[in-house]
Amino acid sequence: AQSVSQHNHHVILSEAASLELGCNYSYGGTVNLFWYVQYPGQHLQLLLKYFSGDPLVKGIKGFEAEFIKSKFSFNLRKPSVQWSDTAEYFCAGYMDTGRRALTFGSGTRLQVQP
Amino acid sequence: DTAVSQTPKYLVTQMGNDKSIKCEQNLGHDTMYWYKQDSKKFLKIMFSYNNKELIINETVPNRFSPKSPDKAHLNLHINSLELGDSAVYFCASSPTTTGWNGYTFGSGTRLTVV
């Protein structure tokens with residue numbers, strides 16, 4: 001079955017460190033990919049999305065992600081994290097299988113220490 | 001003006017009770033969803049409606065019944081609440097039938113069954 005997986009469950013970084021969160025999907029067809037962020041006690045907000053075109057996508061708050069089709073990956077990056085980036089990060093994919101809904105990864109909890 | 005609003009934000013209730021969660025979106029979107037987020041932050045789709053028509057009905061207990069009086073509203077009614085129903089329930093909406101371009105989420109309803 002089609003799926004989205006995030007292998008980093010909990011990441012702890014110091015402020016100013018660089019961030020890379022992994023996301024892989026399993027589907028050979030067309031896929032749209034998203035990263036959402038959920039700050040403590042809040043709802044999910046869209047960070048960035050990829051549909052087609054330039055595989056390097058820039059989002060809000062200095063985040064970017066790179067779609068690598070050969071690796072079925074869509075990793076999220078930020079060159080220098082801040083304490084305010086502490087949150088849960090979800091990768092999600094829409095795959096044209098007829099399911100008509102996004103499939104979410106299990107989330108990565110990012111903890112940034114001051 | 002909140003795009004996707006859910007009420008109540010918090011709900012504490014006893015086992016066996018019946019409760020409802022309401023969701024309204026003012027984005028003019030055609031499709032609305034209910035997701036359940038468990039204690040491990042995993043997001044699982046429950047239902048989706050497109051213009052008042054049920055599209056997705058995942059394997060959830062019959063005690064959960066969605067109702068969509070119009071395309072701007074999607075409510076969730078839960079009968080005979082159980083301890084395992086404790087979770088955060090998110091409503092979301094999408095301008096497309098399939099959700100291929102992502103969702104806008106509500107702020108969530110934290111349900112605690114005691």
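Residues numbered from 1 in each chain as written. Chains lettered and ligands numbered in written order. Predicted model: local features only at pLDDT ≥ 70, side-chain atom pairs only at ≥ 80, totals over all residues. Heavy atoms only, no water.

**Structural notes on the overall build of chain A**
Then comes step 1: Within chain A one finds zero helices and twelve strands.
Then comes step 2: Relative to the compact-globule value of 13 Å for 114 residues, chain A shows a C-alpha radius of gyration of 14 Å, a close match.
Then comes step 3: Of all 114 residues assigned to chain A, the portion counted as buried reaches 46%.
Then comes step 4: Pairs at least 24 apart in sequence give 56% of the contacts found in chain A among residues at least 6 apart.
Then comes step 5: Accessible surface, chain A as shown: approximately 5,400 Å² in total, 51% of it carbon and sulfur.
Then comes step 6: Between the averaged position of the 10 positive side-chain charges in chain A and that of its 8 negative side-chain charges there is a distance of 6 Å. (Helix = DSSP H or I, 4+ residues; strand = E, 2+ residues; numbered from the N terminus. Rg over C-alpha atoms; globule rule 2.2 N^0.38 Å. Buried < 20%, exposed > 50% of the residue type's maximum accessible area, 1.4 Å probe, protein only. Contact = heavy atoms within 4.5 Å. Areas by Shrake-Rupley, 256 points an atom, 1.4 Å probe, with all protein chains shown as cover. Lys, Arg positive; Asp, Glu negative; His and termini not counted. Charge placed at Lys NZ, Arg CZ, Asp CG, Glu CD.)

**Examining the pattern of salt bridges**
Then comes step 1: Scanning the model with the defined rule gives seven salt bridges over all chains in all.
Then comes step 2: A salt bridge links R63 of chain B to D85 of chain B; the nearest nitrogen and oxygen atoms lie 2.8 Å apart. In this pair, R63 of chain B is assigned in the loop between β6 (53-57) and β7 (64-70) and D85 of chain B in the loop between β8 (73-78) and β9 (87-94), connecting sequence segments 22 residues apart. Take R63 of chain B and D85 of chain B: they sit in the same class, and that class is buried.
Then comes step 3: What emerges from the salt-bridge pattern is a single network uniting K58, E64, E66 and R77 of chain A. (Salt bridge = Lys/Arg side-chain N within 4 Å of Asp/Glu carboxyl O.)

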